[in-house]
Amino acid sequence: MTQTPAAPPFDLTEYRKALGGFATGVCVVTTQSDDGGIGITVNSFTSVSLDPPLVLWCLDDSSDRHDVFAAAERFAIHVLPVEDREMSDRFAWGTCRLSPEEFDISNPEPPRLRNALMRLDCTAHDRIRMGDHLIIIGAVRAVESRDGDALTYFRGRYGVASESLA
């Protein structure tokens, strides 16, 4: 009887580095908490279905905002313009509370960032626990978009997706 050679050990650092080789847009998801509007930066946003209109994003189980977003029935997903790099950093690593000048206070449910290139207002459609993340599927209820260059993320650095063909 011959033995099959053991697979080499799986290198999580190399895996994470490889995933960073996929350029993504930078999004901020917002919702209301007991203390007001909050946001979280994500790059795991994707469309799921056109009919019905569904999107998803992934929430890390270890996030300090996990419980609020996991329970949120309404949220908005915003694609950030290239000039909002500081906002992306802040919602990724720093203060997650929205200041009144950052979002449209005329209709705070869900909070809507003022400067986003695209915004999708969503209601929670489904939640699926997978590995160390919660996949949140949203039913899109409203859409708003404008022209501009988008902030991207690739190999640990910010970049730009430009509308110009030049």
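Engineer: Explanation requested: the pairing of strand 4 (residues 46–49) in the structure shown.
Structural biologist: Successive side chains on a regular strand alternate, one facing one side of the sheet and the next facing the other. Sheet analysis places strand 4 next to strand 5 (residues 54–60), joined by 3 bridges and oriented antiparallel. By the bridge assignment for strand 5, Ser49 is matched with Leu54. Between the end of strand 4 and the start of strand 5, which pair antiparallel, lie 4 residues.

Engineer: Explain the pattern of salt bridges here, please?
Structural biologist: As a working rule, side chains carrying opposite charge can pair if their charged atoms are close by. Applying the stated criterion across every chain, the model contains 8 salt bridges. For Asp64, the salt bridge identified is with Arg65, shortest N-O distance 2.9 Å. On the basis of relative accessible area, Asp64 is assigned to the exposed category, the value being 67%. Judged by relative accessible area, which is 7%, Arg65 ranks as buried. A salt bridge links Asp121 to Arg119; its shortest N-O distance comes to 2.8 Å. Here the salt bridges share partners, and the residues they tie into one network are Arg112, Arg119, Asp121 and Glu144.

Engineer: Help me out: how do you make sense of the sheet that holds strand 9 (residues 150–154) in this one?
Structural biologist: By definition, the strands of a sheet pair up through backbone hydrogen bonds, in either a parallel or an antiparallel sense. Spatially, the 3 strands line up as an open sheet ordered 1-9-10, and their pairing is antiparallel. Pairing within the sheet leaves two strands with one partner each, and these edge strands are strand 1 (24–25) and strand 10 (157–161). Bridge count between strand 1 and strand 9: 2 bridges; the pairing is antiparallel. Looking at the pairing, Gly25 lines up with Thr152 of strand 9.

Engineer: I keep staring at helix 3 (residues 85–93) and nothing clicks. Help me out?
Structural biologist: An α-helix turns once per 3.6 residues; consequently, residues spaced three or four apart project the same way. Of the positions making up helix 3, those classed as buried are Met87, Ser88 and Phe91. The buried side chains of helix 3 occupy one side of the element, clustering within an arc of 100 degrees when seen end-on. Of the exposed residues in helix 3, the ones pointing more than 90 degrees away from its buried face are Glu86 and Trp93. Contacts made by the buried residues of helix 3 are with strand 2 (27–33), strand 3 (36–42), strand 9 and strand 10.

Engineer: Would you explain the nonpolar core in this entry?
Structural biologist: Soluble globular proteins: nonpolar side chains tend toward being buried together. In terms of nonpolar packing, the biggest core is built from 22 residues, with Val29, Trp57, Leu59 and Ile77 touching the most fellow members. Of all the elements in the fold, those that place two or more residues in this core are strand 2, strand 3, strand 5, helix 2 (66–71), strand 6 (74–79), strand 7 (118–130) and strand 8 (133–145). Counting residues in each nonpolar core, the second largest holds 9 residues, with Met87, Leu98, Phe103 and Leu113 among its members.

Engineer: Which parts of the structure should I look at to understand the sheet that holds strand 6?
Structural biologist: The strand order across the open sheet formed by 7 strands is 3-2-6-7-8-5-4, and the pairing between neighbours is antiparallel. The sheet is open, and its two borders are formed by strand 3 and strand 4, each paired with just one other strand. Direction aside, neighbouring strands of the sheet carry axes that sit 35 degrees apart on average. Strand direction decides the pairing type here: strand 2 and strand 6, joined by 4 bridges, are antiparallel. Opposite Cys27, over in strand 6, you have Val79 as the bridge partner. Contacting strand 2 and strand 3, helix 3 runs over the sheet at an angle of about 100 degrees to strand 3.

Engineer: Please explain the packing of aromatic side chains as it appears in this structure.
Structural biologist: Two aromatic rings, taken as a pair, are described by how far apart their centres are and by the angle between their planes. Taken as a whole, this structure holds 4 aromatic pairs when the rule is applied. Ring geometry for Tyr153 against Tyr158: centres 5.3 Å apart, planes inclined by 70 degrees, an arrangement best described as edge-to-face. Tyr153 sits in the partly exposed class, given a relative accessible area of 30%. Clustering of aromatic rings is evident, with ring pairs tying together Trp57, Phe69 and Phe75. In this structure, Arg90 packs its charged tip against the face of Phe91, placed 4.4 Å from the ring centre.

Cut-offs used in this document
- Residues numbered from 1 in each chain as written.
- Predicted model: local features only at pLDDT ≥ 70, side-chain atom pairs only at ≥ 80, totals over all residues.
- Heavy atoms only, no water.
- Pairing = 2+ DSSP bridges.
- Helix = DSSP H or I, 4+ residues; strand = E, 2+ residues; numbered from the N terminus.
- Salt bridge = Lys/Arg side-chain N within 4 Å of Asp/Glu carboxyl O.
- Buried < 20%, exposed > 50% of the residue type's maximum accessible area, 1.4 Å probe, protein only.
- Arc of directions from axis to C-beta.
- Contact = heavy atoms within 4.5 Å.
- Core = buried A, V, L, I, M, F, W, Y, C linked by side-chain atoms within 4.5 Å.
- Axes fitted to C-alpha atoms, helices over the stretch in contact; angles between N-to-C directions.
- Phe/Tyr/Trp six-rings, centres within 6.5 Å; stacked < 30°, edge-to-face > 60°.
- Lys NZ or Arg CZ within 6 Å of the ring centre and 35° of its normal.

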